[in-house]
Amino acid sequence: MRITLSEPENFSALITQLIGKEPTSPITGIATDSRECITGDLYVALKGEQVDGHQFIQQAKDNGAVASIVDHEASVSNRMDFFVVEDVLKIMGDLAREWRRQYDIPVIGITGSNGKTTTKELLKHILSASENVHATSGNFNTSIGLPLTLLQLAPHHTVSIIEMGANQPGDIEYLCDITEPTYGLITNIAPAHLEGFGSIEVVAKTKGALFNALEKGTAFVNMADEHIRELKTKGEVITYGLTPECDFPADIHHEEDGTMSLTIDAEEIVTGSHNLSFVKNVIASSAIAIHLGIDWDIFRKQIKTFQSPKGRCEVKQLNDLTIIDDTYNANLTSTLAAIDYLKAFSGNGRRVLVFGDMFELGEGSMNHHRQVGKHCITKELDAVFSTGTETSATDGVLNDSMHHQHFDSKQDLLTSLQDWLKAGDKLLVKGSRGMAMETIIEGLSKN
């Protein structure tokens with residue numbers, strides 16, 4: 001990971017204040033990977049389970065780094081500044097927290113099991129109509145990436161949207177301690193990353209730390225999610241959902257072309273989307289955007305012009321095929337929703353799921369993969385092509401009502417899929433990030 005600093009002089013002053021040593025050379029960027037360092041960078045020597053960043057200080061120096069945050073000095077050719085600290089990761093959080101405190105602007109924290117990235121990007125697009133928006137980029141939503149995100153805050157920004165990811169208990173509490181959000185949204189709570197959490201109750205407690213951090217802020221509560229409804233909140237509460245008792249009550253309408261429209265607090269919103277998950281993200285975004293002063297007409301316009309992030313139910317036309325690229329990641333809830341999206345897609349042609357393993361599900365993995373197979377039967381898909389280890393459980397519950405094949409390798413799947421497909425077919429390609437299922441789409445595009 002690497003960022004360019006918007007205010008190098010102020011950052012150097014902050015380094016001096018917190019660490020007690022003044023940089024001798026201007027620091028213009030920060031990198032956590034020595035290979036990404038360029039001239040003027042501060043290299044952050046983090047220790048991971050497999051790799052110790054201290055081993056690559058010389059490489060960072062050779063690539064242009066002028067300083068390094070370390071827990072001990074290293075021997076390097078030519079001179080560079082060493083800022084020696086007890087805990088490298090902690091000091092990055094401390095620097096980010098102090099940097100964030102310079103800005104008295106709305107800081108919106110977003111977390112959840114599914115949809116947090118799309119909601120963040122959607123809200124960014126909506127607010128950008130009248131605000132200078134700072135927001136998380138890519139996967140900069142962890143204990144390593146989030147501090148770098150905050151350090152990109154600049155004086156011209158008028159609002160900040162911070163995505164928070166969690167893989168284990170305590171993650172969101174730690175990220176909130178750094179971010180100090182003034183607003184918070186939890187998109188949903190579902191059985192994702194159970195290998196790190198153990199149970200849905202622990203997931204809820206972990207995500208709920210965002211609401212606990214808002215004693216002087218505002219929590220946006222999704223009343224359609226039973227786990228979120230039960231969370232304790234501090235400060236102001238604004239509710240949204242599919243019941244009339246909400247502050248932002250919503251109704252979903254199905255149009256003749258298969259797309260969905262919304263009525264939110266008596267306002268009509270055309271989404272143009274077949275994707276129920278996206279429509280729910282629109283409801284969540286409306287609560288924040290309208291509360292922050294966005295006009296409904298501007299909101300409607302921004303919804304129409306929004307384009308989904310890459311790999312998240314991204315619709316692509318490939319010759320005579322329609323491909324729904326949902327390859328960014330997968331868990332049970334997002335996969336079931338994506339299958340619903342595939343089934344609801346307008347037009348003729350066979351509905352096909354190309355499915356790779358869902359990771360980090362712990363002891364519930366086999367059950368979750370079986371549930372996907374049962375959902376494919378319920379939705380009467382025409383075919384399921386699966387690959388990996390865990391998806392054998394999906395294939396195992398499928399019956400002769402559809403064509404189904406399981407493959408040990410993606411290449412074998414691709415070869416068979418190419419022979420089987422015909423014009424008009426609609427494919428949903430889905431799997432966890434580690435499966436890199438986008439390579440299936442890339443393979444189809446080459447033929």
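Above this text is the structure in question.
What you see is a predicted model, and the numbers here were worked out from it, not measured in a lab. (Residues numbered from 1 in each chain as written. Predicted model: local features only at pLDDT ≥ 70, side-chain atom pairs only at ≥ 80, totals over all residues. Heavy atoms only, no water.)

## Considering the pattern of salt bridges
Pairing is possible between side chains that carry opposite charge, provided their charged atoms lie close to one another. Across all of its chains, the model carries 18 salt bridges by this definition. The residue K120 makes a salt bridge to E121 at a minimum N-O spacing of 2.8 Å. On the basis of relative accessible area, E121 is assigned to the partly exposed category, the value being 23%. Two residues, K120 and E163, come together in a salt bridge whose shortest N-O distance is 3.7 Å. (Salt bridge = Lys/Arg side-chain N within 4 Å of Asp/Glu carboxyl O. Buried < 20%, exposed > 50% of the residue type's maximum accessible area, 1.4 Å probe, protein only.)

## Things to note about the sheet that holds strand 1 (residues 2–4)
Read across the sheet, five strands follow the order 1-2-3-4-5 without closing on themselves; strand pairing throughout is mixed. In this open sheet, the two strands that pair with only one neighbour each are strand 1 and strand 5 (81–84). In this sheet, neighbouring strand axes are inclined to one another by 15° on average, regardless of whether the strands run parallel or antiparallel. With three bridges joining them, strand 2 (residues 29–31) and strand 3 (residues 41–44) adopt parallel strand pairing. The partner of G29 across the bridge, within strand 3, is D41. Across the sheet, helix 3 (residues 88–100) is in contact with strand 2, strand 3 and strand 4 (67–70); its angle to strand 4 comes to roughly 115°. (Pairing = 2+ DSSP bridges. Helix = DSSP H or I, 4+ residues; strand = E, 2+ residues; numbered from the N terminus. Axes fitted to C-alpha atoms, helices over the stretch in contact; angles between N-to-C directions. Contact = heavy atoms within 4.5 Å.)

## Considerations on the packing of aromatic side chains
The full count for this structure, using the stated rule, is six aromatic pairs. Summarising the aromatic geometry, the rings of F278 and F306 are spaced 5.8 Å apart at their centres and angled 5° between planes, so their arrangement reads as stacked. Pair noted here: F278 is in helix 10 (residues 276–291) and F306 is in the loop between helix 11 (296–305) and strand 15 (314–318), with a separation of 28 residues, a long-range link. As far as the burial class goes, F278 and F306 line up, both buried. Against the face of F83 rests K21, its NZ or CZ located 5.8 Å from the ring centre. The side chain of R312 reaches across the aromatic face of Y328, ending 3.5 Å from its centre. (Phe/Tyr/Trp six-rings, centres within 6.5 Å; stacked < 30°, edge-to-face > 60°. Lys NZ or Arg CZ within 6 Å of the ring centre and 35° of its normal.)

## Quick notes on empty space enclosed by the protein
Under the definition given, this model contains one cavity of 30 Å³ or more. The computed volume of the largest cavity comes to approximately 40 Å³. Forming the walls of the largest cavity are T32, V44, L46, L89, M92, S143, I144, P147 and L148. Elements that contribute at least two residues to the lining of the largest cavity include exactly helix 3 and helix 5 (145–150). Taken together, the residues of the lining of the largest cavity break down into seven nonpolar, two polar and no charged. (1 Å grid on protein atoms, 1.4 Å probe; cavity = no way out; pocket = protein on both sides within 12 Å on 5 of 7 lines; lining within 4 Å. Points joined across faces, edges and corners; volume = space filled by probe spheres on them. Nonpolar A, V, L, I, M, F, W, Y, C, P; charged D, E, K, R; others polar.)

## Describing the sheet that holds strand 9 (residues 183–186)
As summarised here, the arrangement of the nine strands in space is 7-8-6-9-10-11-12-13-14, forming an open sheet in which the pairing is mixed. The sheet is open, and its two edges are formed by strand 7 (133–135) and strand 14 (267–273), each paired on a single side. Averaged over neighbouring strand pairs, the angle between their axes works out to 20° when direction is ignored. Both strand 6 (residues 107–111) and strand 9 contribute to a ladder of four bridges, which runs parallel. Each residue of the ladder has a partner; that of T111, found in strand 9, is I186.

## Considerations on the packing of helix 10 against helix 11
Interaxial distance between helix 10 and helix 11 falls to 11 Å at its minimum, and their mutual angle equals 145°. The handedness of the crossing between helix 10 and helix 11 is right-handed. Across from V282, S285, S286, A289 and I290 in helix 10, the residues of helix 11 making contact are W296, F299 and I303. Its residues assigned to classes, the contact of helix 10 with helix 11 comprises six nonpolar, two polar and no charged. (Left-handed = near helix turned anticlockwise from the far one by under 90°.)

## What to know about helix 8 (residues 200–212)
For helix 8, spanning 13 residues, the distance from its first C-alpha to its last is 18 Å, which sits close to the expected 18 Å at 1.5 Å a residue. If you check which residues of helix 8 are buried, you get I200, V203, A204, T206, K207, G208, A209, L210 and F211. (Expected span 1.5 Å × (residues − 1).)

## Looking at the environment of A96
Tracing the backbone shows A96 in helix 3. In this structure the C-alpha to C-alpha distance between A96 and L14, which are 82 residues apart in sequence, comes to 9.8 Å.

## Quick word on the nonpolar core
In terms of nonpolar packing, the biggest core is built from 52 residues, with F11, I30, L42, I69 and L151 touching the most fellow members. Sorting the residues of this core by element identifies helix 1 (8–19), strand 3, strand 4, helix 3, helix 5, helix 6 (171–179), helix 8 and strand 10 (218–222) as the ones contributing at least two each. Apart from residues lying up to four places away in sequence, I30 is in contact with M1, R2, I3, L5, F11, D41, L42, V44, M92, L148 and L151. Y183, L262, I264 and V279 belong to the second-largest nonpolar core, a separate cluster that totals 35 residues. (Core = buried A, V, L, I, M, F, W, Y, C linked by side-chain atoms within 4.5 Å.)

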